[in-house]
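What the coordinates show
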Amino acid sequence: MGRLLRSLRWSRPPSAAWLFLTPAVFMALLVFAYPILQILRASLLDRGRNQFVGLANYASLTDDPIAWQSIQNNFLLLAVIPVLIGSSILIASILFDHPRGWQIYRTLVFAPYVLSVVVVGIAFDQIYTGRGVLNTVLSGVGLDGFRREWLGDPHTALASVMAVIIWREVGFGVTLFLARLTTASTDLYDAARVDGAGWFAIMRHVTVPHLRPVIAVYAASTMIGMFSWVFGYIYILTRGGPGYSTYVSEYFIYQSAFNYDSLGSAAALASVLLGIVVVAVAFQFSGQRQMGVE
Amino acid sequence: MKTDRSEPQQRAPIELQSFGRRQFLRGAGGVAITSAFGLPAILAACSNSASSSASAAATASAGATASAETSTVAPRLSGKSTFWWWGEQEAPGLEKWVGETVGLYQDAHPGVEISSVLQATESLMPGFKAAGDAKQGPDLQYMWGGISTMGFAWQGFVTPISDLIPADELAHIFPSSLSETADQGKVYALPWYIFPLHFAYNKKHFRTAGLDPESPPRSWNDFLVAVDKLKAAGITPWGYGLKGLSGIGNFASQFNLQGLDRPIDILKPVAGTAKYTDPAYSEWMHRIKEAIDRGAFNEDVNSLDLAQGQDLFVSGEAGMNIIGQSQISGLVKALGSDTVGVMLPPKFGSGALAGKLSTTAQQLLVTSWATNPDVAADFLKFMHTPERLKAMNVASGAIPPDDRFDASGLELAQDRQILAWANTDGATNYQNFWPPQMDRENLFLAVQGLFNGQLQPDQAATQVQETLDRWRDKNQDQVKQLSDWAASAG
């Protein structure tokens, strides 16, 4: 039967296949390609005169310190990826052992992910203020020297935003890894224990290898997120400040397009951002293939 | 920005270079005579304004006023008009007033249908930009004053209001408010209500600190003495929040014109004809640093935002704050009328604007694609009838920059004081003449740098200058428009 279907498929003329594919291809182009092409087009125009200016908008980005700072901050945000993956695996492994009340812990860990970024942002905005809970706790345990204006100090603002991202997003990673772990054979774990493997050895030689495909997907999606999905956090928590210390590409694009009427610059950075994400994801999947991760 | 000054010319241009009321009146001519027939109706409205609620009686009388005015001033109007507006966010109660005013106007003009749409803060500018690009959307549009309105006017989105509304009508508006959208002899928008920014101080705290609560500091030195005394009394002298940058414009507006004689002169360093490092522009940064070093501000100033900083005043923790006039009634409710004092910014500069009340007028404009500009303009005039002005203030606390508004009816002494300052001692907010990008990407950051210790005043001024230079190189079109604008002001 399978052979018959294959022969039927290959015996049809390509034009018929294209005929059936055309609506889907058209929709895909409309939904994905058209907006991207429009952005690329806008990046080559002077908004005011609506004239073609070649790569002038891209050139202006190169000597714009804010654009550079924005991209740099996006790359700095990538530091959350290993933290997210590591903590998600750790928590998932602990929960996988079903400690007493594990369902409650699982719910608690996942709960922040259910909250909207706005709610999380407002909550942490309060926690981080000079007289907020964090500083109060630090004072309470005798760590006055660590009191900071967490979001008001350019040296700690981005790290503080990262901490919020990790707090909210880790639940999703835990859920993903827990789901994957349920597919693992208990024989593997039993065999490892019989062989005298401790918790760390089991984690290294059994759990992580089994999770590798999910880790790859999670890392890729989080990486895309750190370039393209952090606007909400930045907008609520810092508006890019203090100074440009938390300015990210999305915020630059938003400000340029909607507040400064500089669509060319916004489109140029949006195109650069798209390029960065595509290249980064391609590199990552290429590396995974070389490591044998499907 | 696209320059297009080919807006429809429906009336002869009026010379408005300096926007004196005398010049308006000189240009009024026969229109004033025609309008005079409406005087009885306006007087009737004044008498009707004794009722401050939106009662049926007031509604009926206001409707009668509208009817009477239109029957004498304008021919029968008809058509649809769309009104995109903003303002409920800063003057709660305006939405009710707008709805009521639209209803009254439609009652008086059965052939007219006005659709009012309250805009979200974030979508006001991009929404109007998109409408302008498509040449469809609102006939009547709210816009912030100065450069915000003029940016759209230079793109051809706006029909000058001085082409639609007679000069004698405009002569009732405070000249400083009209000057915000004046260019090349035209006025582009009609000021709706003013948004003065000023200091509020806690009289009880002043008394506790040994200061005269009825005589707040007027000079910078007196201000520093007050800071010292409040601090010594255990009171945070000045509650403030910088995070999110939203309050830095309010803050800068109290100080950064003090070395200048005219608000529009702030355009000179923008246009490249002066340096921001000149003390006339940047001395205020030294004064702010002085206040910071003196411990004038709450310790967590960098991690609080504007509202949180203002909360310190509301909670009684801080002795002073910068607020908008529309917040006065809320403060009075929270702290008591006897506790809340208002004061002008302490004076240190040598310019004519030193120590003046910073104010801006929120503007209403008629779009260049409006299908019924006459309806839009007539509705604007109706909004400025004394009865409607009074009702607006009662509903929202907003104060119109219009001499037909009876200030004696203001309930709060603080509001009466602010209106008096606005009329005689007010200066247009610098933001009306300063590119928004050079706030968020420049001036605000310099102020933040001063507060978090990364910049000294001279470094901050140099940073502002260098960023202006870079911006100028990339925005030659805007620079040309702004230079022309400055030149048109003389």
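Residues numbered from 1 in each chain as written. Chains lettered and ligands numbered in written order. Predicted model: local features only at pLDDT ≥ 70, side-chain atom pairs only at ≥ 80, totals over all residues. Heavy atoms only, no water.

**Remarks on the overall build of chain B**
This is how the line gets drawn: Put simply, DSSP marks the helices as runs of H or I at least four residues long and the strands as runs of E at least two long, and each gets a number from the N terminus on. Buried means the residue's accessible area, taken with a 1.4 Å probe over protein chains only, is under 20% of the maximum for its type, while exposed means over 50%, and partly exposed covers the values in between. The contact criterion used is simple: two residues touch if any of their non-hydrogen atoms lie within 4.5 Å. Areas reported as accessible are Shrake-Rupley estimates using a 1.4 Å probe. Residue values count occlusion only from the protein chains shown.
Along the backbone of chain B there are 22 helices and 12 strands. The buried share of chain B, taken over its 490 residues, is 61%. Long-range pairs, those at least 24 residues apart, make up 79% of the contacts in chain B between residues at least 6 apart in sequence. Per element, the accessible surface of chain B, about 17,200 Å² overall, is 52% carbon and sulfur.

**Overview of the packing of aromatic side chains**
The test is simple: Between the rings of Phe, Tyr and Trp (Trp by its six-membered ring), a pair exists once the centres lie within 6.5 Å; its type follows the angle of the planes, with under 30 degrees stacked, over 60 edge-to-face, and the other angles tilted. Definition used: whenever NZ (Lys) or CZ (Arg) falls within 6 Å of the ring centre and also within 35 degrees of the ring normal, the charge is taken to sit over that ring.
One pass over the full model with this rule turns up 58 aromatic pairs over all chains. Aromatic side chains B:Trp192 and B:Tyr193 sit 5.3 Å apart centroid to centroid with 65 degrees between the ring planes, which places their arrangement in the edge-to-face category. Residues B:Trp192 and B:Tyr193 agree in their burial class; the two are buried. One aromatic cluster in this structure is built from B:Phe83, B:Trp85, B:Trp86, B:Trp97, B:Tyr105, B:Tyr142, B:Trp144, B:Trp192, B:Tyr193, B:Phe379 and B:Phe382. A:Arg168 extends its terminal NZ or CZ atom over the ring of A:Tyr113, reaching a point 5.1 Å from the ring centre.

**Here's the deal with the environment of B:Asn302**
Tracing the backbone shows B:Asn302 in the loop between helix H14 (279-293) and helix H15 (306-314). Beyond its immediate sequence surroundings of up to four residues, B:Asn302 is in contact with A:Glu149, A:Gly152, B:Leu242, B:Lys243, B:Phe451 and B:Asn452.

**Quick notes on the packing of helix H9 (residues 157-181) of chain A against helix H11 (residues 199-228) of chain A**
All names here are of chain A. Operational definition: All axes here are fitted lines through C-alpha atoms, helices being fitted over the stretch that makes contact, and every angle between N-to-C directions spans 0 to 180 degrees. In this scheme the handedness of a crossing depends on how the near helix is turned from the far one: anticlockwise by less than a right angle means left-handed, clockwise means right-handed. Side-chain classes follow a simple rule in which Ala, Val, Leu, Ile, Met, Phe, Trp, Tyr, Cys and Pro form the nonpolar group, Asp, Glu, Lys and Arg form the charged group, and the remainder, Gly included, forms the polar group.
In contact at an axis separation of 10 Å, H9 and H11 are set at 145 degrees when each is read in the N-to-C sense. Crossing of H9 against H11: the hand is right-handed. Touching Ile165, Glu169, Val170, Phe172, Gly173, Leu176, Phe177, Arg180 and Leu181 of H9 are Thr207, His210, Leu211, Pro213, Val214, Ile215, Tyr218 and Met226, all from H11. Partitioning the contact of H9 with H11 into residue classes produces 12 nonpolar, three polar and two charged.

**Comments concerning the pattern of salt bridges**
Let me state the cut-off plainly: Definition used for salt bridges: Asp or Glu carboxyl oxygen within 4 Å of a side-chain nitrogen of Lys or Arg.
Counting across every chain of the model gives 24 salt bridges over all chains. Put simply, B:Lys474 and A:Asp64 hold a salt bridge, and the shortest N to O gap is 3.8 Å. Residue B:Lys474 is located in helix H21 (residues 457-474), and its partner A:Asp64 is located in the loop between helix H3 (56-62) and helix H4 (65-77); the two belong to separate chains. Of the residues examined, A:Asp64 reaches a relative accessible area of 14% and is grouped as buried. Residues B:Asp378 and B:Lys381 are paired through a salt bridge, measuring 4.0 Å at the closest nitrogen-oxygen approach. Taken together, the residues B:Asp378 and B:Lys381, both in helix H17 (residues 373-383) and three residues apart, mark about one turn of the helix. With a relative accessible area of 17%, B:Lys381 lands in the buried category. One salt-bridge network, held together by shared partners, links A:Asp63, A:Asp64 and B:Lys474.

**What to know about the interface of chain B and chain A**
Here is the rule: The buried area of a pairing is the accessible area, by a 1.4 Å probe, that goes missing from both parts when the two are put together, added over both. Counting of polar contacts relies on pairs of N or O atoms within 3.5 Å, with two restrictions inside protein: one atom must be capable of donating a hydrogen and the other of accepting it, and residues adjacent in sequence are counted only when both atoms are side-chain atoms.
Contact with chain B, which involves 31 residues of that partner, is made by 35 residues of chain A. Summed over both partners, the interface of chain B with chain A buries about 2,500 Å², with 42% contributed by carbon and sulfur atoms. Taken together, the links from chain B to chain A amount to five salt bridges. For the pair chain B and chain A, the number of links is 16 residue pairs in polar contact (both at pLDDT 80 or more). Those elements giving two or more residues to the side of chain B that touches chain A turn out to be helix H6 (121-134), H15, helix H20 (437-451) and H21 of chain B. Sort the elements by how many residues they give to the side of chain B that touches chain A and H20(B) lands first, with five residues.

**Thoughts on the environment of B:Lys80**
All names here are of chain B. Its place among the elements puts lysine 80 in strand S1 (residues 79-85). The exposure class assigned to lysine 80 is exposed, which follows from its relative accessible area of 56%. Those residues in contact with lysine 80 that lie beyond four places of it in its chain are Glu113, Asp139, Thr371 and Asn372.

**Some thoughts on H4(A)**
All names here are of chain A. Using the following cut-off: Helix span, expected: 1.5 Å multiplied by one less than the number of residues in the helix. In this context, the arc is that of the directions from the helix axis out to the C-beta atoms.
Between its first and last C-alpha, H4 extends 18 Å over 13 residues, near the 18 Å set by a 1.5 Å rise per residue. What H4 keeps buried is the set Ile66, Ala67, Ser70, Ile71, Asn73, Asn74 and Leu77. When H4 is viewed along its axis, its buried side chains cluster within an angular range of 155 degrees and face the same direction. At the N-terminal boundary of H4, the capping side chain belongs to aspartate 64, with an oxygen 2.9 Å from the backbone nitrogen of isoleucine 66.

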